[in-house]
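So you can see what is in the structure, the chains are spelled out below.
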Amino acid sequence: MKSKTGPIKTVSMLILILLSGFFTYLLIISPGKPEKIKDAEGNTLPNSLSEKTFIQIGGVRQGMFIRSADTSNPVLLFLHGGPGFPNYFLFDKYRPGLEDFFTVCYWEQRGGGLSYSKSVSPESMNLNQLASDAIEVTNYLRKRFSKEKIFIMAWSGGTSFAIPAIETAPELFHAYIAMGQLTNQPASEQIAFEYITKQLEASGDRKGLKQLEKFNNLSDQKSLIEFYNSGIRDHLMHKLGIGTMRQMRSVVKGIFLPVWACRAYTLMEKYKLWKAKIVFLPGTTLKTQTLEINFDKAYPELQIPVFFVCGKYDLTVNADLTKDYYLQLKAPFKRFYLFEHSAHAPLFEERDKFRQIIKNDILPFATAATI
């Protein structure tokens, strides 16, 4: 009888070689440094900045990327979505060019990405703390770049604490740019659920309908929270083109793989980003806190100029509800923009239109005042 030990050892060795090669590849594409900002000839721009840095915010070591084609430009603090899940890898992939207009701080919020550590307690993961952290980061940027005021931009879940931060300290900001402004998220989830159900029924997708069965009563708070936090929701939204981007039909191809391909993170930082997303954040109530706020009632007025940006096909945060909030909102100046070919990320999906809005409508609110 011939021994099977030889073939088994050969297969095991091949698997080991493949895993070793894959790990080596991940290390190679994970140098952990953001790319320098260069001109058309490949030369680093003389007054540019591209760095990853860590500072103490709210008693916790927190990380951020700061990038600028010219550090004399106005400063912009970007609050990513989730809340808690950083989006810098998407900026790295799609290159919308905010750095052409601003010195941009891509701050990664406590408990997520660069700012995930064991020192962050689940109890500290609340919107009030994030708003306080945002003000602290703002003051760090004002001091570092000698600016009296900065711009603040928030995306999706980031808008849930951007507005409280602005209400607390409006004197710190030129203007607020909101992409996918949360308003009444329980109503938004109900609209999305009904749309998804109709689309699956029309296409005869029995598997998708079966997945939705356990969420068939979103008027029940428990069912609503489960749906809002479920991977099924994200999967079906992307499959139907109403998730992150109109053309992003897979969470794996559109989100998971680009994180691992982003060279600005080390391999350990990528691991921690996903550990925070999968292990730590679900153990907090941070995301579900956004279900408890009705923004048109809680924040009917802001003291700074406001720009709301929405994608026509966005059902992650319903664009019609955001428009309703915009119409009621009192502000010294306000504008609403509907992007006809976008879902949840017009900044990436209709880049040129977004850049024109920045150049023509938003930048004029900057001042030359320094401190």
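Details of the structure are given in the entry above.
Model, not experiment: these values are computed from the prediction.

S.K.: Looking at this model, I keep getting lost on the overall build of the protein. Mind explaining?
M.R.: Looking only at helices and strands, the protein has 15 helices and eight strands in total. Relative to the compact-globule value of 21 Å for 371 residues, the protein shows a C-alpha radius of gyration of 22 Å, a close match. Dimensions of the protein, computed from the C-alpha atoms along their principal axes, are close to 85 × 55 × 40 Å. Every one of the 371 residues in the protein was classed for burial, and the buried ones make up 53%. Excluding contacts between residues fewer than 6 apart, the proportion of contacts in the protein whose partners are at least 24 apart in sequence is 74%. Of the roughly 17400 Å² of accessible surface on the protein, a fraction of 55% belongs to carbon and sulfur atoms. Positive and negative charge centroids in the protein, built from 45 and 35 side chains respectively, lie 8 Å apart.

S.K.: Which parts of the structure should I look at to understand a nonpolar patch on the surface?
M.R.: Taken together, the side chains of Val252, Phe256 and Leu257 present a nonpolar region at the surface, about 260 Å² in accessible area. Examined against the element boundaries, Phe256 turns out to sit in helix H9 (residues 251-261). The exposure class of Phe256 is partly exposed, given its relative accessible area of 34%.

S.K.: Got a minute to help me understand the sheet that holds strand S6 (residues 173-179) in this structure?
M.R.: The strands that make up a sheet pair up through hydrogen bonds in the backbone, lying either parallel or antiparallel. Read across the open sheet, the eight strands follow the order S1-S2-S4-S3-S5-S6-S7-S8; overall the sheet is mixed. Either end of the sheet is taken by a strand with one partner, and the two such strands are strand S1 (49-57) and strand S8 (334-339). Going from strand to strand, the sheet's axes swing by 20° on average, the running direction of each strand aside. Across five bridges, the pairing between strand S3 (residues 75-79) and strand S4 (residues 103-107) is parallel.

S.K.: What am I meant to see in the pairing of strand S5 (residues 150-155) here?
M.R.: For S5, the buried fraction is high: six of the six residues fall into the buried class. Judged by which residues are buried, S5 turns out to be covered on both faces: Ile150, Ile152 and Ala154 on one side and Phe151, Met153 and Trp155 on the other are all buried. Bridge count between S3 and S5: four bridges; the pairing is parallel. Looking across to S5, one finds that Leu76 is bridged to Phe151. One ladder, built from five bridges, connects S5 with S6; its direction is parallel. Bridge pairing in S6 links Met153 to Ile177. With helix H4 (residues 159-168) bridging S5 and the parallel S6, this β-α-β connection has right-handed handedness.

S.K.: Just checking my understanding: could you explain the state of the cysteines for this structure?
M.R.: By definition, a disulfide links the sulfur atoms of two cysteine residues through a covalent bond. Scanning the model with the defined rule gives zero disulfides in all. Cys105 carries a free sulfur, and the closest cysteine sulfur to it, the one in Cys262, is 16 Å from it.

S.K.: How should the pattern of salt bridges be read in this particular structure?
M.R.: Side chains that differ in sign of charge can pair as their charged atoms come close. Throughout the structure, instances matching the rule amount to twelve salt bridges. Among the salt bridges present, the one from Asp133 reaches Arg110, with a minimum N-O distance of 2.6 Å. One end of the pair, Asp133, is in helix H3 (residues 127-145); the other, Arg110, is in the loop between S4 and H3, with 23 residues separating them in the sequence. Both residues of the pair, Asp133 and Arg110, count as buried. Across the salt bridge formed by Glu340 and Lys312, the nearest N and O atoms sit 3.6 Å from each other. A residue pair is termed long-range when its members are at least 10 positions apart, and Glu340 in the loop between S8 and helix H14 (346-349) and Lys312 in the loop between strand S7 (306-311) and helix H13 (319-328) qualify at 28 residues. By relative accessible area, which is 36% here, Glu340 ends up partly exposed.

What counts, and at which threshold
Residues numbered from 1 in each chain as written. Predicted model: local features only at pLDDT ≥ 70, side-chain atom pairs only at ≥ 80, totals over all residues. Heavy atoms only, no water. Helix = DSSP H or I, 4+ residues; strand = E, 2+ residues; numbered from the N terminus. Rg over C-alpha atoms; globule rule 2.2 N^0.38 Å. Buried < 20%, exposed > 50% of the residue type's maximum accessible area, 1.4 Å probe, protein only. Contact = heavy atoms within 4.5 Å. Areas by Shrake-Rupley, 256 points an atom, 1.4 Å probe, with all protein chains shown as cover. Lys, Arg positive; Asp, Glu negative; His and termini not counted. Charge placed at Lys NZ, Arg CZ, Asp CG, Glu CD. Patch = residues over 30% accessible without salt bridge, like charges linked within 9 Å, V, L, I, M, F, W, Y side chains within 5 Å. Salt bridge = Lys/Arg side-chain N within 4 Å of Asp/Glu carboxyl O. Pairing = 2+ DSSP bridges. Axes fitted to C-alpha atoms, helices over the stretch in contact; angles between N-to-C directions. Right-handed = clockwise from strand over helix to strand, strands pointing away. Disulfide = S-S within 2.5 Å.

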